[in-house]
Amino acid sequence: MKPKRKMDTVTNKSKKIRKGDTVLAIAGNCRGKTGTVLSCSFKGAVVQGLNIRKKHVKPSEANQRGGIVEIEKPIHISNLKVCTADEKPVKLKVRANDKGERSLVYHVDNKEVLHRSIKKS
């Protein structure tokens, strides 16, 4: 019987949310706030100005005084929604064209608007 994999070894990232996207928090303590994604991993997305937590840091060469530091912690992808340029939340859908290239689109006024293309891995 094979041992189960640890979550740290799984590299399953979201295809819909990437670094640099503007997102809206739809659940949690920071619900209703928007921010820019700083990084994205299997644990979640770190969003600028959202889910700020305090951490006690020991003095070191890099940080002489130590003390209490405020840092952004990851938010699960399911609690985030992608926003357009004017910060309106949208639902992204995957569409394929005739050549087989896949892209993310959203609907505005019964028209499909291209959000971004998906790279093949």
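Residues numbered from 1 in each chain as written. Predicted model: local features only at pLDDT ≥ 70, side-chain atom pairs only at ≥ 80, totals over all residues. Heavy atoms only, no water.

(A) Region of the structure containing the side chain of R116. Assignment of secondary structure puts R116 in strand β9 (residues 111-117). Given a relative accessible area of 15%, R116 falls into the buried group. Only 2.9 Å separates the side chain of R116 from the backbone oxygen of K16, close enough to count as a polar contact. One polar contact links R116 to D21, side chain to side chain, over a distance of 3.2 Å. Excluding residues within four positions of it along the chain, R116 makes contact with K15, K16, I17, R18, D21, S103 and L104. (Helix = DSSP H or I, 4+ residues; strand = E, 2+ residues; numbered from the N terminus. Buried < 20%, exposed > 50% of the residue type's maximum accessible area, 1.4 Å probe, protein only. Polar contact = N/O pair within 3.5 Å; in protein donor to acceptor, adjacent residues only side chain to side chain. Contact = heavy atoms within 4.5 Å.)

(B) A look at the pattern of salt bridges. Here the structure, examined in full by the defined rule, presents two salt bridges. In this structure, the salt-bridge partner of R116 is D21, at a minimum N-O distance of 3.2 Å. Placement of the pair is R116 in strand β9 and D21 in the segment before β1 (22-25), with a sequence separation of 95 residues. Given the relative accessible area of 11%, D21 is considered buried. The salt bridge partner of E112 is R95, with a shortest N-O separation of 2.9 Å. One end of the pair, E112, is in strand β9; the other, R95, is in strand β7 (residues 93-96), with 17 residues separating them in the sequence. Note on E112: relative accessible area 43%, which makes it partly exposed. (Salt bridge = Lys/Arg side-chain N within 4 Å of Asp/Glu carboxyl O.)

(C) Seen up close, the sheet that holds β7. Strands sit in the order β7-β8-β9 across an open sheet of three strands; the sheet is antiparallel. The sheet is open, and its two borders are formed by β7 and β9, each paired with just one other strand. Recorded for the sheet is a direction-independent mean angle of 45 degrees between the axes of neighbouring strands. The pairing of strand β8 (residues 102-108) with β9 spans six bridges and is antiparallel. Counted as the bridge partner of H107 is E112 from β9. (Pairing = 2+ DSSP bridges. Axes fitted to C-alpha atoms, helices over the stretch in contact; angles between N-to-C directions.)

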